[in-house]
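Survey of secondary and tertiary structure
Residues per chain are reported as follows:
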Amino acid sequence: MRAIVYARYGPPDVLQLKEVEKPIPKDDEVLVEVHAVSINDWDWGLLQGVPLANRLENGLFKPKKKTLGSDIAGRVETLGKNAKRFKPGDEVYGDLSGRWGGFAEYVCARERSLALKPAGMSFIEAAAIPQAAMLAVQGLLDKGQIRRGQKLLINGAGGGVGTFGVQIAKLYGVEVTGVDSSGKLDMLRSIGFDQVIDYTKEDFTKSGPCYDLILDVKTNRSMFAYTRALCPHGVYVTVGGSTVRLLQALLLGPWISMIRKKNIRLVLLKPNKDLPYINELFQAGKLKAVIDGPYKLSEVPAAMQRFGAGEHKGKIVITMEHSSNT
Ligand SMILES: NC(=O)c1ccc[n+]([C@@H]2O[C@H](COP(=O)([O-])OP(=O)(O)OC[C@H]3O[C@@H](n4cnc5c(N)ncnc54)[C@H](OP(=O)(O)O)[C@@H]3O)[C@@H](O)[C@H]2O)c1
């Protein structure tokens, strides 16, 4: 089968399209014919081998798992001996992070990493969903405890988390402001953001109104700046960003909560947990994926470059050319 592999950490041009052995599922796994896969920030970090946590996960000096890609959608082809949840032909999707291997024509996946894909959801849409939509749901609902009538700001709004996040927040009757670069602001308005801020021109922590809830994808400012932008009893939720800032959030969060009565919370992704909720929203026509692409498997290095440069809008999706593709 064809797969994108890398033998050393580095820029996207270390990625190569190669013929490799088709994998064989272990007892608790299924083999999935991959129809679409999306790019996540985690793939970017594992490609570069930064921060250090990514090397601790995938090899200190060179990558152990040579094919990246976690958010896949495809068709179950064969079952491991103990795999019982799915049958061959089932259309599934999910986040395989920790195992990876999605930038390939076939991948083995544990059954619990997969959910049935609703019939009305395309493989392309399904591949866009898992990590970004889970972070949005877990950030806004579980950690943020979003409530009707609140003012929400999403920092880093134009990628995967922000484009799902605004649609979910709108279901709660919330006013949503999105912060991103100028080229993405029209797209943000078109998917429901009430206000947009160009971060290259304006710092929302220094001017403007206060927010009841901030969902942060970039975490590029100090916790004191974020708390300044929060209304009394407001909640700041980070899903990721600068390691130093995340450490600051972890260490200062409890003190800030105590002294300033504002909350700092971190999301630790629970992969695939809320896919049933997302399926419901999707089937009710309440959620759409914003797709950048799709691109071909051979275009993964260029697509990865696009991701790293922040040129993408929504989710970058790669599709495979199988004869059974829909
Ligand atoms: N908590 C966990 O367990 C966990 C697990 C997996 C991933 N994550 C994290 O989840 C996040 C993924 O979010 P995503 O998929 O939405 O990312 P994304 O697609 O890369 O989107 C990020 C957006 O932020 C914008 N941006 C860049 N610099 C900015 C700045 N200074 N201010 C405001 N916006 C800025 C980018 O656009 P421009 O470049 O054009 O500005 C881009 O549109 C990452 O932080 C990742 O580390 C967390």
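This text goes with the structure placed above it.
Residues numbered from 1 in each chain as written. Predicted model: local features only at pLDDT ≥ 70, side-chain atom pairs only at ≥ 80, totals over all residues. Heavy atoms only, no water.

Attention now goes to the state of the cysteines. Applying the stated criterion across every chain yields a total of one disulfide. Here Cys210 is linked by a disulfide to Cys231, with a sulfur-sulfur distance of 2.1 Å. Measuring handedness by torsion sign, the sulfur bridge of Cys210 and Cys231 sits at about 95 degrees and is right-handed. A residue pair is termed long-range when its members are at least 10 positions apart, and Cys210 in the loop between β10 (195–198) and β11 (211–216) and Cys231 in strand β12 (residues 230–238) qualify at 21 residues. Accessibility expressed as a relative area gives 31% for Cys210, which makes it partly exposed. Residue classification places Cys231 among the buried residues on the basis of a relative accessible area of 9%. (Disulfide = S-S within 2.5 Å. Helix = DSSP H or I, 4+ residues; strand = E, 2+ residues; numbered from the N terminus. Buried < 20%, exposed > 50% of the residue type's maximum accessible area, 1.4 Å probe, protein only.)

What follows is about a nonpolar patch on the surface. Taken together, the side chains of Leu52, Leu56, Leu60 and Phe61 define a hydrophobic patch exposed on the protein surface, amounting to about 490 Å² of accessible area. Among the secondary structure elements, Leu60 is positioned in the loop between α2 (52–58) and β4 (71–79). With a relative accessible area of 43%, Leu60 lands in the partly exposed category. (Patch = residues over 30% accessible without salt bridge, like charges linked within 9 Å, V, L, I, M, F, W, Y side chains within 5 Å. Areas by Shrake-Rupley, 256 points an atom, 1.4 Å probe, with all protein chains shown as cover. Salt bridge = Lys/Arg side-chain N within 4 Å of Asp/Glu carboxyl O.)

Moving on: helix α10 (residues 300–308). Inspection of α10 places Val300, Pro301, Ala303, Met304 and Phe307 among the buried residues, and these make up the whole buried set. The buried residues of α10 all sit within an arc of 160 degrees when viewed along its axis, so they share a single face. Buried-residue contacts for α10 involve β1 (2–5), α1 (41–48), β14 (291–296) and β15 (315–319). Phi for Gly310, located one or two positions after α10, is positive at around 70 degrees. (Arc of directions from axis to C-beta. Contact = heavy atoms within 4.5 Å.)

Taken together, 26 residues form the shell around the ligand, and within it Asp180, Ser181, Tyr199, Asn220 and Val267 come nearest. A distance of 2.9 Å is found between an oxygen atom of the ligand and a side-chain nitrogen or oxygen belonging to Lys184. Within the backbone of Gly310, one N or O atom sits 3.0 Å away from an oxygen atom of the ligand. If the ligand stood free it would expose 950 Å²; the protein chains cover 84% of that surface. When contributions to the shell around the ligand are tallied by element, the ones reaching two or more residues are α4 (130–143), α5 (160–170) and β9 (175–180). (Near = heavy atom within 4 Å. Polar contact = N/O pair within 3.5 Å; in protein donor to acceptor, adjacent residues only side chain to side chain.)

To continue, consider the sheet that holds strand β13 (residues 263–266). Across the sheet, six strands lie side by side as β10-β9-β8-β11-β12-β13; this open sheet has parallel pairing. This sheet does not close on itself; its edge strands, each paired only once, are β10 and β13. For this sheet, the mean inter-axis angle between neighbouring strands, taken without regard to orientation, is 15 degrees. (Pairing = 2+ DSSP bridges. Axes fitted to C-alpha atoms, helices over the stretch in contact; angles between N-to-C directions.)

Attention shifts here to the pairing of β4. When a strand is regular, its side chains alternate between the sheet's two faces. Relative to β4, strand β3 (residues 29–38) runs antiparallel, the two being bridged by eight bridges. When the bridges of β4 are listed, Glu33 appears paired with Arg75.

What follows concerns the packing of α4 against helix α9 (residues 275–283). Contact pair α4 / α9: the axes reach a minimum separation of 10 Å and the direction vectors enclose 100 degrees. Viewed along their axes, α4 and α9 adopt a mutual orientation that is roughly perpendicular. On α9, the residues touching Pro130, Ala133, Met134, Val137 and Leu141 of α4 are Leu275, Tyr277 and Ile278. For the contact of α4 with α9, the residue count by class is eight nonpolar, no polar and no charged. (Parallel < 35°, antiparallel > 145°, perpendicular 65-115°, else oblique. Nonpolar A, V, L, I, M, F, W, Y, C, P; charged D, E, K, R; others polar.)

The geometry of α1 relative to α10 is characterised by a closest axis approach of 10 Å and an angle of 105 degrees between their N-to-C directions. One element, α1, and the other, α10, form an angle in the roughly perpendicular class. Counting all contacts with α1, which are made through Asp41, Asp43, Trp44 and Leu47, the residues of α10 involved are Met304, Phe307 and Gly308. Residue composition of the contact of α1 with α10, by class: four nonpolar, one polar and two charged.

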